[in-house]
Amino acid sequence: MPEIRIFGIRHHGPGSARSLRAALDAWRPDCLLIEGPPDAEALIPLAGHAAMAPPVALLVYRPDRPRDCAFFPFAAFSPEWVAMRHGIAAGAALRFIDLPHAIQLADGFGADGEAPPGDGAPQPVAAPVASAGETVPAAPAAIRRDPLGELAGAAGFPDGERWWDAFVESRAGEDGDVFAAIAEAMAALREGAGPDPGEAAREEAREAHMRIAIRRAAKDGFARIAVVCGAWHVPALARHDAKGQAAADAATLRGLPKTKVACAWAPWSYERLATASGYRAGVLSPEWYDTLWHHEARVAARWLARAAALLREEDLDASPASVIEAARLAEALAGFRGRARPSLEDLDEAVQATLCFADPAPMALIRRKLVIGERLGATPPDSPSTPVEADFEAQCRRLRLKPGTDAGELTLDLRKETDLARSHFLNRLQLIGIPWGTRRQARGRGTFKEAWFLSWQPEWVVELVAASAEGGTVAEAAAGRVRTRARAAARVSELSGLIGTLLDADLAEAGAEVIRVLNDRAALSADVFDLMEALPPLAELARYGSVRSSEAAPVLAVVRGLVPRVAAGLVAACQSLDDEAAAAAKARLVAVSGAVALIEEPELKAVWQEALRGLADQEHAHGRVVGRAVRLLFDDRAVAAEEAGDRMRLALSRAAAAPAAAAWIEGFLEDSGTALIHGRGLLPVVDEWLCGLDEETFTELLPLVRRTFATIAPAERRAIGEALARPGGGASGDTAPGRTFDAERAAKVLPILRLLLGPAPETREWAAPEEDVR
């Protein structure tokens, strides 16, 4: 009979990894069974490759639908990684024993077989032992999701990670059988755990397959079989030789659907290994665990020295004396809390007090660099790559773009096929979170030119790997990412911005889907200002299209539907606005008016002008909004100068409060004073209003009036001043052009005009016959 030992570990726990390494070195098993995807078993030998540098991840995906996938990350301190490296070095047999993902990713397996959707950070399908940092509900079924959280609560710790760190990860020495204690604790927890409807069937199938794998290894003649699995599964796997268990396991797995899958090693990062990335089995502090793994004996001194060096790199004070003081304080805190050596909590408090002086900025830097970390893994060049990685490399070769550390400018001529394809490619990469190229202002004439600044960062390899969850190519991944963003968008204006990006990236199919979502959201939206913000970018796309020859007709249809919706709700939306909201509403009015003018469709223009008239007639709306509505109608010649003057007189009459009148003037004149220069009768109205104010009111309104006129161009302000300086310029409404014509000044210009324009027509008619006679 073979000897079988089950080692219950915590995923990505250095304490588990250290205890496991010591147990394997002492026992020397000839077969290691590891909780992992059997589909990727052929890739296990690559874990021992010299070029393999964790953190790395195993990717299992469906070739026909790469978005159906699962990632299995490993760090140097992950117990599964330690087991693989030990088995490779010792020449032991290595097998993955979890339920194959050919089953878990099959269509008929159920929702649990698919990777959960997220924000672009894929999660493994394999369930974690404990999702560190999650709040544990009181219901017994939650124990299955976070058994360590349950133990932490009983021990008075805020979460499972802090409890595990205190009792396992940071414990000194290797004394005691930690695995026996973990097995006992998990057995007690499983007795009180009720069935979880969302996980029960899937977990039952996984544990049945792992028990079958243990029995198969025993039949294959191995003498010492080590099983490395998540601690939660230990009690279930210990029943592998129970009476009738083999038949029950076979019945559980009978008839399960299967599909074809492919596997690859991929670089990973500590940022994505962290819980904050959304990874369910992540840890709060990957970089701290890395330091704990590699420098166990002097972890406090090592970590504090790195913190001081990091601060000095940022030109912050971090003297050796302060580091010594921090080390002593951390040791004292650990002793006060009954710990054999300082934990991350102790070091964090010591650094705050002695190196950062309670300043949150340097502490944020230390936590980002030394707690979570920015370490990036690497895989051997000849290892199988992910689908998006392969497509990325193929596209780079085809478009003659080479990722590298050298940054440089790239100017594209969009009339050329290769340059157009490069533009599409760079825009698609931006959509999946890889800003390899940053758009710059193109030099020279022509809208067909596009300038980019290219700067490659090595860590973007991880983004390529993560994008495999969205599709099999860069284009599919970009389209999938946009669809996810569109579904999550809460505002119509967010969707309108996505449409232009999709046209730049030549993702027409995804663009059509976003347009459908936009139309659905717009039909139900009661936020008129949101619809107004969506219109300008859409109108520009509809009017000018794209130099990439993208189809813009659907965008025009969206604009035609949005303008009437905005017009219908404009008056109601502009009621009861404060000064800040009125300023924002005024800006939206200007933007929408420009968008309607850009489309050049009389029907839309008439609808919008009718809405502006309705707003201009409002007596209780904010003066800044009403004044701008009148000005827009005046500029569009929908309101004559006489009517504009009458509206201005009414707004500035004594019946109107002075602040409201000033707001009306601000809305009417802001950014442009041409109406006062060329609009007959408007300037005297403003002049009479200002001159008629009493001293106290004038002093009160002067800052607002000065602010308004400050937005007018200097040349226009000068012209207004000259008009007021002329006799009767401000007091009378008669500003006929004849009264301001200066014949003497005009005569000085005529000789120059004759030289520029040539002789008068009658002179040319007389000179021609004379030339003929000659």
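What counts, and where the lines are drawn
- Residues numbered from 1 in each chain as written.
- Predicted model: local features only at pLDDT ≥ 70, side-chain atom pairs only at ≥ 80, totals over all residues.
- Heavy atoms only, no water.
- Phe/Tyr/Trp six-rings, centres within 6.5 Å; stacked < 30°, edge-to-face > 60°.
- Helix = DSSP H or I, 4+ residues; strand = E, 2+ residues; numbered from the N terminus.
- Buried < 20%, exposed > 50% of the residue type's maximum accessible area, 1.4 Å probe, protein only.
- Lys NZ or Arg CZ within 6 Å of the ring centre and 35° of its normal.
- Pairing = 2+ DSSP bridges.
- Axes fitted to C-alpha atoms, helices over the stretch in contact; angles between N-to-C directions.
- Contact = heavy atoms within 4.5 Å.
- pLDDT = per-residue confidence, 0-100.
- Core = buried A, V, L, I, M, F, W, Y, C linked by side-chain atoms within 4.5 Å.
- Parallel < 35°, antiparallel > 145°, perpendicular 65-115°, else oblique.
- Left-handed = near helix turned anticlockwise from the far one by under 90°.
- Nonpolar A, V, L, I, M, F, W, Y, C, P; charged D, E, K, R; others polar.
- Polar contact = N/O pair within 3.5 Å; in protein donor to acceptor, adjacent residues only side chain to side chain.
- Expected span 1.5 Å × (residues − 1).
- Bend = angle between axes of the 7 residues up to and from the residue.
- Patch = residues over 30% accessible without salt bridge, like charges linked within 9 Å, V, L, I, M, F, W, Y side chains within 5 Å.
- Areas by Shrake-Rupley, 256 points an atom, 1.4 Å probe, with all protein chains shown as cover.
- Salt bridge = Lys/Arg side-chain N within 4 Å of Asp/Glu carboxyl O.

Asks: In this structure, what is going on with the packing of aromatic side chains? I would like to understand it.
Replies: Each aromatic ring pair is described using two quantities: the centre-to-centre distance and the angle formed by the ring planes. Applying the stated criterion across every chain, the model contains 15 aromatic pairs. Plain terms: the ring middles of Trp288 and Trp303 are 6.2 Å apart, the flat faces sit at 90° to each other, and that makes the pair edge-to-face. With Trp288 in helix H12 (residues 286–294) and Trp303 in helix H13 (residues 299–313), this residue pair connects regions lying 15 residues apart in the sequence. You'll find Trp288 and Trp303 in the same group, each marked buried. Through pairs of rings, three or more aromatic residues link up here, namely Phe392, Phe425, Trp436, Trp456 and Trp460. Sitting over the face of the ring of Phe668, Arg631 holds its NZ or CZ atom 5.5 Å from the ring centroid.

Asks: Whenever I open this one, the sheet that holds strand S10 (residues 449–454) confuses me. Can you help?
Replies: Picture the strands of a sheet paired through backbone hydrogen bonds; they go either parallel or antiparallel. Pairing within the open sheet is antiparallel, and its three strands lie in the order S8-S10-S9. Of all the strands in the sheet, just strand S8 (408–413) and strand S9 (437–440) have a single pairing partner and so form its edges. Within the sheet, the average angular offset between the axes of one strand and its neighbour, ignoring direction, is 35°. Bridge analysis of S8 against S10 gives six bridges, and the strand direction is antiparallel. For Glu409, the partnering residue across the bridge sits in S10 and is Phe453. Set on the sheet, helix H18 (residues 417–431) makes contact with S8, S9 and S10; between it and S8 the angle comes to about 125°.

Asks: Honestly, the sheet that holds strand S7 (residues 262–267) in this entry has me stumped. Any pointers?
Replies: Taken together, three strands build an open sheet; the order of strands is S4-S3-S7 and the sheet is antiparallel. Each edge of the open sheet is held by one strand with a lone partner, namely strand S4 (65–74) and S7. On average, each strand axis in the sheet is inclined to that of its neighbour by 25°, with strand direction left out of account. Sheet topology note: the strand S3 (residues 56–62)/S7 ladder contains six bridges and is antiparallel. By the bridge assignment for S7, Val56 is matched with Pro267.

Asks: Is there a simple way to explain unusual backbone geometry in this structure?
Replies: Leave glycine aside and you will find that most residues have negative phi; peptide bonds, for their part, are mostly trans. Geometrically, the link from Pro54 to Pro55 is a cis peptide bond, its omega value of 15° lying close to zero. Looking at the secondary structure, you find Pro55 in the loop between strand S2 (31–34) and S3. A positive phi angle, near 55°, is found at Asp506, a position not held by glycine. By secondary structure assignment, the location of Asp506 is in the loop between helix H21 (492–505) and helix H22 (508–524). Classification of Asp506 by relative accessible area gives partly exposed; the value is 37%. Positive phi values are uncommon outside glycine, yet Ser576 reaches one of about 55°. Tracing the backbone shows Ser576 in the loop between helix H24 (553–573) and helix H25 (579–599).

Asks: What is the right way to look at the confidence of the model for the protein in this model?
Replies: The predicted coordinates should not be examined in detail at positions where pLDDT is low. Here the protein averages 81 in pLDDT, while 84% of its residues score no lower than 70. Long-range and interchain partners of residues 731–739, a stretch whose pLDDT sits below 50, account for 10 contacts in this model, where long-range means more than four residues apart.

Asks: Looking at this structure, I do not really get the nonpolar core. What am I missing?
Replies: Most often, soluble globular proteins have nonpolar side chains that are buried together. Trp436 and Trp608 are the most contacted members of the largest nonpolar core, which has 114 residues in total. Core analysis: the second largest hydrophobic core is formed by 37 residues, Ala17, Val299, Leu344 and Leu365 among them.

Asks: Is there a simple way to explain the environment of Leu503 in this structure?
Replies: Inspection of the secondary structure assignment puts Leu503 in helix H21. Note on Leu503: relative accessible area 12%, which makes it buried. C-alpha separation for the pair Leu503 and His424, spaced 79 residues apart in sequence, amounts to 8.9 Å.

Asks: What should I look at first to understand the packing of helix H1 (residues 14–27) against helix H2 (residues 79–90) in this one?
Replies: For any two helices packed against each other, one specifies the inter-axial angle together with the distance between the axes. Between H1 and H2, whose axes approach to 8 Å, the crossing angle comes to 25°. Taken together, the axes of H1 and H2 are roughly parallel relative to one another. In this structure, the crossing between H1 and H2 has a hand that is right-handed. Where H1 abuts H2, its residues Ser16, Ala17, Leu20, Arg21, Leu24 and Asp25 lie against Pro79, Val82, Ala83 and His86. For the contact of H1 with H2, the class distribution of residues is six nonpolar, two polar and two charged.

Asks: Can you walk me through the side chain of Arg206 in this structure?
Replies: Tracing the sequence through the fold places Arg206 in helix H8 (residues 200–219). There is a polar contact of 2.9 Å between the side chain of Arg206 and the side chain of Asp98.

Asks: Explain helix H34 (residues 743–757) here, please?
Replies: Taking 1.5 Å of rise per residue, 15 residues should cover 21 Å, and H34 covers 20 Å from first to last C-alpha, within 8% of that figure. Where H34 bends most, at Val749, the angle is about 30°, and the proline Pro751 comes one to four residues later. The buried fraction of H34 amounts to zero of the 15 residues, a small share that puts the element mostly on the outside.

Asks: Got a minute to help me understand the pairing of strand S6 (residues 224–230) in this structure?
Replies: One face of the sheet, then the other: side chains in a regular strand alternate in exactly this way. Taken across its seven residues, S6 has six buried, putting it largely inside the fold. In the sheet, strand S1 (residues 3–9) pairs with S6 via seven bridges, with the strands oriented parallel. The residue bridging Ile9 from the neighbouring strand is Gly230, located in S6. Direction of pairing for S2 relative to S6: parallel, over a ladder of four bridges. By the bridge assignment, Leu33 is partnered in S6 with Val227.

Asks: Can you walk me through a nonpolar patch on the surface in this structure?
Replies: A grouping of Val749, Leu750, Ile752, Leu753, Leu756 and Leu757 is seen on the molecular surface, where their side chains present a nonpolar patch of about 600 Å² in accessible area. Residue position: Leu756 is located in helix H34. Residue class for Leu756 comes out exposed when judged on its relative accessible area of 66%.

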